[in-house]
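Here is what each chain is made of, one letter per residue.
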Amino acid sequence: MTAIQWLIFVLVVQVIHGLGTWKLYEKAGRKSWEAFVPVYNAIVLMKIINRPTWWTALLFVPIVNLIMFIVVWVEILRSFGQNKEKDTILGVVTLGFYIYYVNYMLNVAYKRDRSLVPTTKSGDTVASLLYAIVVATLVHTYVMQPFNIPTSSLEKSLLVGDFLFVSKFHYGARTPSTAVALPMVHDSMMVVKAKSYLSKPQLPSFRLPGLQKIERNDIVCFNWPADTVYKFFDTSGKHIDKPKDKRSNYVKRCVGIPGDNLSIKDGYVYIDNKKLVLPERAKPQYSYLVTTDGGDLSQYAQVLIEDYKITDGIYPTGKPNEYYFGAVTDENVARIKNIPIVKTIVKQLTPAPTSIEKSIFPHNQKWSSDNFGPIYIPEAHKTVALNKETLPFYKRIITVYEGNKLEEKGGKIYINDKEATNYTFQQDYYWMMGDNRHRSEDSRYWGFVPMDHVVGKPVFIWWSIDPNVPWSKAIDKIRWDRLFCTVGGDGQPVSYFKYFLVALVAWFGFDWYRNKKKKNA
């Protein structure tokens, strides 16, 4: 929806509210016209229903306001003596229009000093539940969101089975663009497997001020820009056009920031022709072919899996004495060479092809996943020349991410019906890649990540389980050394779980001592 359309929509809502409540405003000792003035009518309404003025702000917070509307409808009815279960049900199922009936058809009296405490156990339960949902939704949307790692693209920095907290405030919390959705649910409901949102209407979205900008080598959570899958891990082939904030959540490492000229040479990332220096915690991995002198590599399986942590694929290739290793770090390459029966270990890099590689962005270059670029990463307010050579790099940005009409006619490029020889970007873009280079679907395949798709910064691992260990071995399944680890920072990850346990025991001990002291007083 455009800004004009939203203005019209808001004005229509105000008229609907005013027509349905103006008599009730009068009975509460207010002026009838106060029911029609945007924002002011909500402030007055909070006074009428004896609720704090700051509730007004919650009526304008997407998703949260859907809950608050229901609460306010019920509060209006109760403020005028309509507090039976029937009134509550009618107020909710009619989307508040039952208030019209009360406003015009019933001779109700305003209950100025009504009790705000629920009179029934069920009412108290519902009130507590709604309050909890509102608070949790605010935290989930603007402060911190739980997230789990479903794939191995960031091994060994983040493992399959890690559960993270993603900070929304580091890069600035993003307001939702999807107006109608279930609170704290992403793109589908768990049981019925149906969409958890309505695609329309869409709200203008903006980002609140953040603590920092995205830096090179940051691990970032974002909405997958090219996502059209109906459901994550769905293999049916069904597709759907998703709003940007309902596209699948991905976690990758940002290896290129706005203004960078990025290239990949033999699997290594270069920025402005200088090899990217990764932090100590980053463990880039590649696939390798390992040959033996005829000995059986399976006798070393336990060492490879448990000591070297090579869990992402060790397969015989079908050729004599040859094995494929799916993800090996440079550190483990040296260790594998020391296995007595290993004869050779060769990194499997894809050279630049002699023909256009359609699977590699921008889908018209002779590039591969290991030999790629150079490519310019767009920066907000910077201008690039547009021609038939550069257009494939930026076509999706111009049309999909920045909402312009683009046409090619007679060998010329037209943007919004005007001939264009250059283009100025409206926002920053980033280049995201997985550390597991040969097991990561990332920017090499679908291009740039717009800033408005960035969800937040993973900061903390609060739980971690090994999917390869059965729950019958629960002690071994839990990765105790990863609990309460920070995601970023210098040096190797350190678990703060034992400190958490000490603090928890200390708190319970203090609470027990305080209660005992009160009883003895």
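Residues numbered from 1 in each chain as written. Predicted model: local features only at pLDDT ≥ 70, side-chain atom pairs only at ≥ 80, totals over all residues. Heavy atoms only, no water.

1. Here we look at the pairing of strand β4 (residues 249-256)
Residues in a regular strand point their side chains to alternate faces of the sheet.
Inference 1: Most of β4 sits inside the fold, with eight of its eight residues counted as buried.
Inference 2: Judged from the three bridges that link them, β4 and strand β18 (residues 429-433) form a sheet pairing that is antiparallel. Across the sheet, arginine 253 pairs through a bridge with methionine 433, a residue of β18. (Buried < 20%, exposed > 50% of the residue type's maximum accessible area, 1.4 Å probe, protein only. Helix = DSSP H or I, 4+ residues; strand = E, 2+ residues; numbered from the N terminus. Pairing = 2+ DSSP bridges.)

2. Details of unusual backbone geometry
Inference 1: Here lysine 200 and proline 201 are connected by a cis peptide whose omega angle stands at 0 degrees.
Inference 2: Looking at the secondary structure, you find proline 201 in the loop between β2 (162-167) and β3 (219-223).
Inference 3: With omega at 5 degrees, the peptide bond leading from phenylalanine 361 into proline 362 counts as cis.
Inference 4: For proline 362, the position within the fold is in the loop between β11 (342-347) and β12 (372-376).
Inference 5: Residue asparagine 321 is not a glycine yet carries a positive backbone phi of 60 degrees.
Inference 6: Looking at where asparagine 321 falls in the secondary structure, it is placed in the loop between β9 (314-316) and β10 (322-329).
Inference 7: Since its relative accessible area comes to 34%, asparagine 321 is described here as partly exposed.

3. Structural notes on the pattern of salt bridges
Inference 1: This model, assessed by the stated rule, comprises 17 salt bridges.
Inference 2: For the salt bridge of arginine 51 with glutamate 75, the shortest nitrogen-to-oxygen distance reads 3.0 Å. Here glutamate 75 lies in helix α4 (residues 64-79) and arginine 51 lies in the loop between α2 (40-48) and α3 (55-58), a separation of 24 residues in the sequence.
Inference 3: Classification of glutamate 75 as buried rests on a relative accessible area of 7%.
Inference 4: One salt bridge in this structure joins aspartate 511 and arginine 514, with 2.6 Å as the shortest N-O distance. Of this pair, aspartate 511 and arginine 514 both sit in helix α13 (residues 497-520), separated by three residues, roughly a single helical turn.
Inference 5: We classify aspartate 511 as partly exposed; its relative accessible area is 22%.
Inference 6: Taking the relative accessible area as the measure of exposure, arginine 514 reaches 33% and is therefore partly exposed.
Inference 7: Shared partners join several salt bridges into a network, and the residues in it are Asp162, Asp466, Arg479 and Arg482. (Salt bridge = Lys/Arg side-chain N within 4 Å of Asp/Glu carboxyl O.)

Purely spatial values, then, with no claim about function.
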